[in-house]
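A closer look at the structure
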Amino acid sequence: MRKMRTSLRPWRAAATALATVLLVGSVAACGNSDTGGDAGSGSDKLVLGFSQVGAESGWRTANTTSIKEAAAEAGIELKFDDAQQKQENQIKAIRNYIQQKVDVIAFSPVVESGWDTVLKEAKDAGIPVILTDRAVDSADKSLYKTFLGSDFVKEGRLSGEWLVENKKSATGPVNIVELQGTTGSAPANDRKKGFAEAIAANPNLKIVASQSGDFTRAGGKQVMEQFLRANPKIDVLFAHNDDMGLGALEAITAAGKTPGKDITIITIDAVKDGMQALADGKFNFIAECSPLLGPQLMDLAKKVHAGEEVPPRIETEETTFTPEQAKEALPNRKY
Amino acid sequence: MTDTGSRWRAVTGHRLFWPVAVLVVMLAANTIYRPGFLSVEVNDGHLYGTPIDILRLSAPLILVALGMTVVISTGGIDLSVGSVCAISGALACSYISQQPDQNSLAVVFTALALGFGIALVLGAWNGVLVAVIGIQPIIATLILMVAGRGLAQLITEGQIITINSEPYRAIGLGHVLTLPLAVFIALAAALLVAAFTRRTALGMIIESVGGNSVASRLAGIRSGRVVFLAYVLSAACAAVAGFMITANVSSADGNAAGLWIELDAILAVVIGGTALAGGRFYLSGTILGALIIQTLTTSVYAMNISPQTSLLFKAVVVIAVCLIQAPAFRARLTRRRRGTPTNPTSPPSQARQKEEVPA
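Values in this document were obtained by computation on a predicted structure and should not be read as measured data.

The rules we used
- Residues numbered from 1 in each chain as written.
- Chains lettered and ligands numbered in written order.
- Predicted model: local features only at pLDDT ≥ 70, side-chain atom pairs only at ≥ 80, totals over all residues.
- Heavy atoms only, no water.
- Helix = DSSP H or I, 4+ residues; strand = E, 2+ residues; numbered from the N terminus.
- Buried < 20%, exposed > 50% of the residue type's maximum accessible area, 1.4 Å probe, protein only.
- Contact = heavy atoms within 4.5 Å.
- Areas by Shrake-Rupley, 256 points an atom, 1.4 Å probe, with all protein chains shown as cover.
- Core = buried A, V, L, I, M, F, W, Y, C linked by side-chain atoms within 4.5 Å.
- Pairing = 2+ DSSP bridges.
- Axes fitted to C-alpha atoms, helices over the stretch in contact; angles between N-to-C directions.
- Parallel < 35°, antiparallel > 145°, perpendicular 65-115°, else oblique.
- Nonpolar A, V, L, I, M, F, W, Y, C, P; charged D, E, K, R; others polar.
- pLDDT = per-residue confidence, 0-100.
- Patch = residues over 30% accessible without salt bridge, like charges linked within 9 Å, V, L, I, M, F, W, Y side chains within 5 Å.
- Salt bridge = Lys/Arg side-chain N within 4 Å of Asp/Glu carboxyl O.
- Phe/Tyr/Trp six-rings, centres within 6.5 Å; stacked < 30°, edge-to-face > 60°.
- Lys NZ or Arg CZ within 6 Å of the ring centre and 35° of its normal.
- Left-handed = near helix turned anticlockwise from the far one by under 90°.
- Buried area = accessible area lost by both parts, 1.4 Å probe.
- Polar contact = N/O pair within 3.5 Å; in protein donor to acceptor, adjacent residues only side chain to side chain.

**Focus on the overall build of chain A**
Of regular secondary structure, chain A possesses 11 helices and 12 strands. Buried positions account for 52% of the 335 residues belonging to chain A. Counting contacts in chain A only where the partners sit at least 6 residues apart, residues at least 24 apart contribute 74% of the total. Accessible surface computed for chain A: about 14900 Å², of which carbon and sulfur atoms make up 54%.

**Considering the nonpolar core**
Counting 83 residues, the largest nonpolar core has V64(B), M68(B), V84(B), C85(B), I96(B), Y168(B) and I171(B) as its most contacted members. In this structure, V84(B) is in contact with A119(B), L122(B), L144(B), A235(B), A238(B) and A239(B), ignoring residues within four places of it in sequence.

**Focus on the sheet that holds strand β6 (residues 174-180) of chain A**
Residues and elements named next belong to chain A. In spatial order, the strands read β7-β6-β8-β9-β10-β12; together these 6 strands make up an open sheet with mixed pairing. Only two strands of the sheet have a single neighbouring strand rather than two, namely β7 (205-212) and β12 (320-321). Two elements, strand β8 (residues 236-239) and strand β9 (residues 264-269), share 3 bridges in a ladder whose sense is parallel. Bridge pairing in β9 places L237 opposite I265.

**Quick look at the packing of helix α7 (residues 166-173) of chain B against helix α8 (residues 181-198) of chain B**
Residues and elements named next belong to chain B. For the pair α7 and α8, interaxial distance at closest approach is 6 Å and the crossing angle is 70°. Comparing the axis directions of α7 and α8 gives the class roughly perpendicular. When α7 is examined against α8, the residues A170, I171 and G172 are found in contact with a partner set consisting of L181, A182 and I185. Across the contact of α7 with α8, the residue classes tally to 5 nonpolar, 1 polar and no charged.

**Let's talk about the confidence of the model for chain A**
All names here are of chain A. Averaged over every residue, the pLDDT of chain A is 85; the share at 70 or more is 86%. For chain A, per-element mean pLDDT is lowest for helix α1 (residues 2-31), which scores 49, and highest for β8, which scores 97. In this model, residues 1-8 is a region of pLDDT below 50 whose contacts with residues beyond four sequence positions or in other chains number 4 contacts. Predicted confidence for residues 23-42 stays below pLDDT 50, and this span has 22 contacts to residues more than four positions away or in other chains.

**Notes on a nonpolar patch on the surface**
A cluster of nonpolar side chains, contributed by I138(B), I139(B), L142(B) and V146(B), occupies part of the molecular surface with about 340 Å² of accessible area. Relative to the elements of secondary structure, V146(B) occurs in helix α6 (residues 137-156).

**Quick word on the environment of G156(A)**
Residue and element names in this part refer to chain A. With respect to the helices and strands, G156 occurs in helix α5 (residues 152-166). With a relative accessible area of 0%, G156 lands in the buried category. Spatially, the C-alpha atom of G156 lies 7.9 Å from that of A196, the residues being 40 residues apart in sequence. Setting aside its immediate chain neighbours within four residues, G156 contacts R191, G194, F195 and I268.

**A few points about the pattern of salt bridges**
All names here are of chain A. Across all of its chains, the model carries 22 salt bridges over all chains by this definition. Notably, a salt bridge pairs D133 with R60, separated by 2.9 Å at the nearest N-O pair. You can see D133 sitting in the loop between β4 (129-132) and β5 (146-149) and its partner R60 sitting in helix α2 (residues 58-74), a full 73 residues away along the chain. Among the residues examined, R60 registers a relative accessible area of 2% and is labelled buried. One salt bridge connects E165 with K168, and the closest N-O pair in it is separated by 2.7 Å.

**A few points about helix α9 (residues 272-279) of chain A**
Buried within α9(A) we find G274(A), M275(A), A277(A), L278(A) and A279(A). Against α8 (242-254), β10 (285-288), β12 and α11 (323-329) of chain A lie the buried residues of α9(A).

**Concerning unusual backbone geometry**
Residues and elements named next belong to chain A. Positive phi outside glycine occurs at K101, with the angle close to 55°. Among the residues examined, K101 registers a relative accessible area of 65% and is labelled exposed. The backbone of D214 shows a phi angle near 55°, a positive value even though the residue is not glycine. Position of D214 among the secondary structure elements: in the loop between β7 and α7 (217-230).

**Things to note about the packing of aromatic side chains**
Taken as a whole, this structure holds 7 aromatic pairs over all chains when the rule is applied. Their ring planes at 55° and their centres at 4.9 Å tell us that F107(A) and W115(A) sit as a pair that is tilted. A relative accessible area of 0% means that F107(A) is categorised as buried. For the ring pair W162(A) and F285(A), a centre distance of 4.8 Å and an interplane angle of 15° mean the geometry is stacked. Taken together, the residues span a long stretch of sequence, with W162(A) in helix α5 and F285(A) in strand β10 at a distance of 123 residues. Take W162(A): its relative accessible area is 19%, and that puts it in the buried class. For F285(A), a relative accessible area of 3% gives the class buried. Here a set of aromatic residues connected by ring pairs shows up, and it is made of W8(B), F17(B) and W18(B). Across the ring face of F80(A), the terminal group of K68(A) is positioned such that the distance to the ring centre comes to 4.5 Å. Over the face of the ring belonging to F281(B) we find R198(B), whose NZ or CZ atom lies 4.2 Å from the ring centre.

**Concerning the packing of helix α12 (residues 261-271) of chain B against helix α13 (residues 283-302) of chain B**
Residue and element names in this part refer to chain B. Their axes nearest at 7 Å, the elements α12 and α13 cross at an angle of 125°. It follows that α12 is oblique to α13 by the angle criterion. Classified by chirality, the crossing of α13 by α12 is right-handed. Here D264, L267, A268, V269 and I271 of α12 lie close against α13, whose contacting residues are G285, T286, G289, A290, I292 and I293. Looking at the contact of α12 with α13 residue by residue, the class counts come to 7 nonpolar, 3 polar and 1 charged.

**Examining the interface of chain A and chain B**
At the junction of the two partners, chain A supplies 33 residues and chain B supplies 38 residues. Approximately 3000 Å² of surface area, both sides summed, lies buried where chain A meets chain B, with 49% of it carried by carbon and sulfur atoms. Linking chain A with chain B are 3 salt bridges. Put simply, R169(B) and E250(A) hold a salt bridge, and the shortest N to O gap is 3.0 Å. At the surface where chain A touches chain B, the tally comes to 12 residue pairs in polar contact (both at pLDDT 80 or more). Secondary structure elements with two or more residues in the side of chain A that touches chain B: α1, α2, β7, α7 and α8 of chain A. Residue classes in the side of chain A that touches chain B are distributed as 12 nonpolar, 12 polar and 9 charged.

**Some details on α12(B)**
Extensive coverage of α12(B) is indicated by the burial of 8 of its 11 residues. Where α12(B) ends, the next residue or the one after it, G273(B), has phi of about 100°, a positive value.

So, in C-alpha cells, the structure goes:
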C-alpha cells in the first residue's frame, strides 16, 4: 500500500494542480467580460457602466437582456459586467468604471452592506450612481442618485386588494392558504405583509394555513398536498411566486379539484409559465414583478447625466394580470 | 430474568427497533393532531392519502440514500449526489423539451439513457478521484457538488425547463397496482442492491474495505475497484432520483432540484445505523431513515408548524432520533435511572466503534 501511495503521489499533485488551474481559470474567464474597452473616447455617446449580480434565474437573465436591449435602443454605450454573485467582483467592476471615466454607473448590489467606500470613490470622481433591483444600507443617501426596483409590499397588497374585490359578495368565511417564499427573504416577508394588510379589509377572509415552499415548484407542490389533506375547504391559494403556484396546481388536480374554479389562485411574478397557466384559466390573478427595467434605467441615466433631479426611490413599472390580459400579453412575453 | 423480560430485551436490542419506534411515534403524534392523517381512500383508481404521499416523496431520498449507504460503508462519502440529481434531471428534461413529440416513448427512453449516461460518467469521475488518485472523498465529491450545480444551470441555461411528456411524468406520478410507480422503482433498486450485496460476497467485500482497506487489500481484495464502483452506483441511484424529482413537477430547475438531498441522505444512513466511519452497513435501516425524514417534513406541513420554527422543530427531532439510536447514550440513560454505576466501557458503547469485519 505504502509503495503504491508513493508512486501515486506525483499523480495526485498533478491532478490537484490541474483542478486548481481549471477552477481558477474558469472563474477568471467568467469574471472578465467586456469591461476593458476605452470608454468615452471620441464619441459623444453616453457611457453607462452596469454591474449585474449574476445569472442565477430566468428572472435575472430577462433583467440582463432588458438592460442590454434598452441600451442599444436608447443609443447608450453599455459596459456590462457579470459579478458571479460576488461583492468583490462588483467593487472591482465599479472601480474599473471609475478609472474609465464612464458617465453613469448602475448596479444591482449582491448584498446590502459594505458599499460606502467604493460609492464614495464614485462620488469623488463625479460619477452618478443608480441602484437597480436591490438596495444598499448606506446611511449617507447622497452616495447614490436613486434606487430603481420593485416594491414587494405593493405586490402583496395588489394581490390582496384584488381578492377583497373578488370576494366582496362572499357571505361566509373564505379560507385562504398561503405558500410563502424562502423563510426570511425580503420578497417573502414583504409580500406576506402587503397581502395581510390588504385582506384585513374583509374579516371574512382568513388565512387558515401558511407554509414555506422555498419559491420552488417541488416545494409548492409538497406543501399544497398537505394543505389539501388537512383543510377540507380551501377557497383561495396565495403563492408568493409563480413557480410555487405551478407546483400547487399539480397537487390540486391530483386531489380531484379544478384549479381556478374550486380554488381561486393568486400568484406574483408573471413569468411565462405562470402567464400560460393564467391564460388557461388555471390561475386567476398575477401581480407582476418585472425584471424589464431597462428602458426606465436608460431614461434615468440620461436624466442624472444631464444633472436633472430624480426622486430617490423609483418603482419599476409593473402591472397586474387577469386571464384576459394574460392572453393578450402572452405572445410578447420575454421571460 | 423472566422469559418475557429477555424477549423484550431481544426486541429492543434489535438494531431496527428504535428507528421503527420513532416512525411509529411520529405517525401516532400526527394521527392525534389530525385523526384523518393515516386514512387512505381510493381516488381515480389509485390509493390517495398522506401515507401514500410520504411513500412517494421519500422514493428519491431512498434511492440516493441507498447509494450513499454503500459509499459510506467503504469509508467514503458522496456529497455530489444532489448535483448529479440536478444534472441528470436537467439533461433528460432539456432533451425532451427539444423534441417535436414529447409523448413518444422513444424520446423518453433516449432522454433517460442520456441522463443515466452522464451520471455514470460523473460517478466514474468521483471514483477516479477517490480510488485512483487518492483524494479524500469529502474533498473529491465536493468538487462535483459545487461545479455540478453550475453544470446543471448550463444545461438549463439558467431557466426552469417545463416539459409536457406523459411517459416521463409517469416516473414521478404514475401508478401501478394503485400505488405510485416511484415506490416500486425505489423498492426494485433496494432489492437489487440488497441482492448484489447480501446474496453475493460483494457486501462482505465492501464492508471489509470500509473496515480496513489495507488489510482487505493484503487479503487479496482489489479495494480500489470496489471503492470506484461504489461511487458509480451512488451516481446511478442519484440519476434515477433526479428523474423522479423532475418528473414530479414536470420541470427541471437546475438550482433547486435535489438541493441538500446529500445531507438528508447522509442523515438517513446514520439514522439507519450505518457507521460514518465505514464498515457494516444496513440497507433496511437506511430505508427506514429515509421514511423518517420524509415523515418529519410532511408532519411540519400537516401540523402547520410555522416556517420560522419548523427548522428548529426538525433539528430537535433529528437530535432526539440520533441520540436514542446510540447505544452508548441509551446505556448511560438506563444506568442513571437505575443509579448503579457500571463499567464505563460497557459492550454497547464499544459496539458503536468502527466495526471491522472478521474476513
